[in-house]
Amino acid sequence: MMPELSMHILDIAENSTRAGARLVRIAIEEDSANDTLSIAISDDGKGMTEKQLHDAMNPFYTSKREREKGVGLGLPLLKATAEQCDGALEIKSEPGKGTTVRATMKLSHIDRPPMGDLTETLGVLIAGN
């Protein structure tokens with residue numbers, strides 16, 4: 001598990017840029033009345049087929065080329081974090097139209113990681129892309 005939710009956001013948003021996204025939207029919603037936290041990352045990248053969606057949840061699968069580092073743990077780790085906090089991970093994608101990743105979890109769950117430094121995370125995303 002990543003120590004902060006901002007690291008999950010960074011990882012998924014970087015996946016979007018690698019998928020050719022020109023626009024990445026990040027929405028974070030805290031709903032204290034319903035005790036929920038929702039994080040959604042949407043992009044206009046190349047999208048994924050049903051098989052790619054299935055493969056993306058395998059921690060040993062990556063679409064990165066040999067020279068790029070990584071093993072594909074981002075989505076499986078975010079899913080594990082969401083489920084550990086009484087939530088879920090939902091991915092909607094369509095080839096040629098983009099992808100939306102939405103993680104929801106119980107806001108007050110004792111195991112929910114802290115949000116982390118969103119300002120720094122967004123700064124890294126902007127500077128790197």
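The model shown is predicted, which means the values in this text are computed figures rather than measured ones.

Focus on the environment of Arg112
No. 1: Secondary-structure assignment places Arg112 in the loop between strand 4 (98–106) and helix 4 (118–128).
No. 2: Overall, Arg112 belongs to the partly exposed group, its relative accessible area being 23%.
No. 3: Sequence-distant contacts of Arg112, that is, excluding residues within four places in its chain, are made with Leu5, Leu37, Cys85, Met105, Lys106 and Leu107.
No. 4: Separated by 2.7 Å, the side chain of Arg112 and the backbone oxygen of Leu107 make a polar contact.

What to know about the pairing of strand 1 (residues 24–31)
No. 1: With 8 bridges joining them, strand 1 and strand 2 (residues 36–43) adopt antiparallel strand pairing. Residue pairing in the sheet places Ala27 in a bridge with Ala40 of strand 2.
No. 2: Between the antiparallel neighbours strand 1 and strand 2 lie 4 residues, among them Asp35 with a positive phi of about 55°.

Here's the deal with the confidence of the model for the protein chain
No. 1: In the predicted model, the protein chain carries a mean pLDDT of 90, and the fraction of residues at 70 or more is 90%.
No. 2: The spread of mean pLDDT over the elements of the protein chain runs between helix 2 (residues 50–56), the lowest at 89, and strand 2, the highest at 98.

Section: the sheet that holds strand 4
No. 1: Taking strand neighbours across the sheet as the criterion, the 4 strands line up as 1-2-4-3 in an open arrangement whose pairing is antiparallel. The open sheet is flanked by strand 1 and strand 3 (88–94), the only strands paired with a single partner. Neighbour to neighbour, the strand axes of the sheet diverge by 10° on average, direction disregarded.
No. 2: Across 7 bridges, strand 2 lies against strand 4 in antiparallel orientation.

Cut-offs applied
- Residues numbered from 1 in each chain as written.
- Predicted model: local features only at pLDDT ≥ 70, side-chain atom pairs only at ≥ 80, totals over all residues.
- Heavy atoms only, no water.
- Helix = DSSP H or I, 4+ residues; strand = E, 2+ residues; numbered from the N terminus.
- Buried < 20%, exposed > 50% of the residue type's maximum accessible area, 1.4 Å probe, protein only.
- Contact = heavy atoms within 4.5 Å.
- Polar contact = N/O pair within 3.5 Å; in protein donor to acceptor, adjacent residues only side chain to side chain.
- Pairing = 2+ DSSP bridges.
- pLDDT = per-residue confidence, 0-100.
- Axes fitted to C-alpha atoms, helices over the stretch in contact; angles between N-to-C directions.

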